Amino acid sequence: MDFEEPGKNKRFKKMLLAECQKEFETDTNTKIEKAVEGVEDEEERQLKADLVKKHYLGHMRFIGELYKGDLISIKIMLMVLPQLLEGNIKEGDMDEEKIECFAKLMTVIGLILEQQSASLRDIGKNDASERLSECWDKVELLASKKNNGPMISNRIKFMLQDLLEMKKNGWTSRRKEESAKTIEEIHKDAAKEVRRISSSVSRSTSSNSLRAQPTKPAVDSDGFVEVLGSGRGFSRAKSLGNLKMETQDNQFENKSKPSSVSKQLDASLNQQTAEKPKKSAANSPSSVPENHAVSEYLEPSKCANKAVRCFKEYFVSGDANDAVLTLDELIGAGTEGSVKRAAKVLESTILMVLEMKSEEVKKFQEIIMRCYKEKKMDQSSFSEGLYYPLEALQDIVIDAPLASTHLASIFASFVKGGAISFDYLLKSSPECFRTDGEAARFGVNVLKSIGDDALKAKSSLDVLEQLMTDEDKTKYASVIDMVAS
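Here the focus is the packing of helix H2 (residues 28–35) against helix H3 (residues 42–68). Close contact between H2 and H3 brings their axes to 9 Å; oriented N to C, the two are set at 140 degrees. Accordingly, the angle class assigned to the pair H2 and H3 is oblique. As H2 runs across H3, the sense of the crossing is right-handed. Together, Thr28, Lys31, Ile32 and Ala35 of H2 and Lys48, Ala49, Val52, Lys53, His55 and Tyr56 of H3 make up the contact between the two elements. Here the contact of H2 with H3 is composed, by residue class, of 5 nonpolar, 2 polar and 3 charged.

Set out below in structure tokens:
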């Protein structure tokens, strides 16, 4: 199998893919034999064998990440995956280590692989989808709970069952996978721990201050202690001996009462504590939007990455409320930097859906416009978020022919929802977009998506007329003729 793709002469990529191919094609047992050569201690031999297997699993994940980064094509991946499931299922002749590699690899690339296969199927290329279906048929047979299923270990069977469940749940794992943390994440965790401890100490101090202060017991004429608050006249629960002990305790408490200097210090501290809320009133939770009082927001690019993952999960699960809530938490409308965060979220998610089906584009529009109507996105972020998709549109169309139609539909939904005006195409869009010869046609598609009333509006026709190039004016006698075409 050749991991290289023809027509590309990038040296580093060539060397990287060649090494990946070499690692993939080298048999694991051969590596183990080489690693344990000359080692006599059984425990050490087992340790080295486990390290080789762990290394091979890590290599599978690395190949998956290369695929996600567009360094390996879907064609190559669909050649790799069936090889990991090779063997005679009926006779139970299966390589469990390769099956485990398949499971690890699919946890990395499953979502993207399914989406790309579906996109290719929509344009009439069924080969990828069929190959992937064959793989899943094998996995379901291997993971079968029936007694007459293939003979594989329970560990591998449970692993495949988890993989199928993950696929069913939109490629969301039940268990959060632990990974190395960045220094920034470590600092954030440390700050949260400090706040948690401070809060705990504060609650403890407050609780101690509310404890009832002991009072000197009342003694009747017989020398017995009166129980205050009791309906009976007296109680013999406390004898005169106990009274002596309590009297000693009270004497000790009297000795430990604060001096006048301590009282002055306490009064000073109380005064400072009372003044603090006044000084911090401007920064209190009431001065920022609801639900965003104590949030720490990510930088725009990280918000965008999380938003892309959010939409991918939403397209599978269909949970609109969860998607809106996630975007709200990422953007924090009305807080500092929210416009930049929302703009980057819009830019990245628009670029993502331009390569998807019309169904996903429609779902995307519904979520974005709901966020706008519920004031979870600032209006000014829309113009900034649309800029780069319009600028790069002609390049995107080369790989995704429906990108222009999708973007026109998205732009139309923004115009209909009041998030942006149609004359943005003339006044604020990228210059390269206005001069590439397709701006007027794009505008026509936008108006057709909006509806007949928009096609008849004079203001809209004026914008289209100014977007028309000399070639457009030669081809069409008027802007009305262009709209009618």
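Core analysis: the biggest nonpolar cluster contains 66 residues, and Phe311, Met377, Phe411, Phe414 and Phe442 have the highest contact counts within it. With 8 residues, helix H17 (residues 403–416) is the largest single contributor of residues to this core. When sequence neighbours within four positions are dropped, the list of residues in contact with Phe442 reads Leu390, Leu393, Ser404, Leu407, Ala408, Phe411, Leu425 and Phe433.

Think of an α-helix as turning once every 3.6 residues; residues three or four places apart then point the same way. The end-to-end C-alpha distance of helix H12 (residues 320–331), which contains 12 residues, comes to 17 Å, matching closely the 16 Å that a straight helix rising 1.5 Å per residue would cover. Those residues of H12 not exposed but buried are Ala323, Val324, Leu327, Asp328, Leu330 and Ile331. Axial view of H12: buried residues confined to an arc of 165 degrees, hence all on one face. The exposed set on the far side of H12, more than 90 degrees from its buried face, consists of Asn321 and Glu329. Close packing links the buried residues of H12 with helix H11 (300–317), helix H13 (338–353) and helix H14 (358–373).

The subject of this paragraph is the environment of Gln379. Along the polypeptide, Gln379 turns up in the loop between H14 and helix H15 (380–391). When its relative accessible area of 44% is taken as the criterion, Gln379 is described as partly exposed. Remark: the alpha-carbon pair of Gln379 and Val339, spanning 40 residues in sequence, is separated by 8.4 Å. Contact partners of Gln379, with chain neighbours within four places excluded, come to Tyr372, Gly418, Ala419 and Ile420. Within polar-contact distance, the side chain of Gln379 engages the backbone oxygen of Gly418 at 3.0 Å.

For the rest of this paragraph, the subject is the confidence of the model for the protein chain. Confidence in the prediction of the protein chain, expressed as mean pLDDT, is 77, and 73% of residues score 70 or more. Across residues 259–265, where pLDDT falls below 50, the model places 1 contact with residues more than four positions away in sequence or in other chains. Confidence drops under pLDDT 50 across residues 272–288; counting only partners more than four residues distant or on other chains, this segment forms 3 contacts.

In the structure shown here, the tally under the stated rule is 10 aromatic pairs. Centroid distance Phe433 to Phe442: 5.4 Å. Interplanar angle 90 degrees. Geometry classified as edge-to-face. The residues Phe433 and Phe442 share a single accessibility class, namely buried. In textbook terms, an aromatic cluster arises when at least three aromatic residues are bridged by ring pairs, as seen for Phe311, Tyr314, Phe315 and Phe364. Taking NZ or CZ as reference, Arg341 lies 4.2 Å from the ring centre of Tyr297, over its face.

Parameters at a glance
Residues numbered from 1 in each chain as written. Predicted model: local features only at pLDDT ≥ 70, side-chain atom pairs only at ≥ 80, totals over all residues. Heavy atoms only, no water. Axes fitted to C-alpha atoms, helices over the stretch in contact; angles between N-to-C directions. Helix = DSSP H or I, 4+ residues; strand = E, 2+ residues; numbered from the N terminus. Parallel < 35°, antiparallel > 145°, perpendicular 65-115°, else oblique. Left-handed = near helix turned anticlockwise from the far one by under 90°. Contact = heavy atoms within 4.5 Å. Nonpolar A, V, L, I, M, F, W, Y, C, P; charged D, E, K, R; others polar. Core = buried A, V, L, I, M, F, W, Y, C linked by side-chain atoms within 4.5 Å. Buried < 20%, exposed > 50% of the residue type's maximum accessible area, 1.4 Å probe, protein only. Expected span 1.5 Å × (residues − 1). Arc of directions from axis to C-beta. Polar contact = N/O pair within 3.5 Å; in protein donor to acceptor, adjacent residues only side chain to side chain. pLDDT = per-residue confidence, 0-100. Phe/Tyr/Trp six-rings, centres within 6.5 Å; stacked < 30°, edge-to-face > 60°. Lys NZ or Arg CZ within 6 Å of the ring centre and 35° of its normal.

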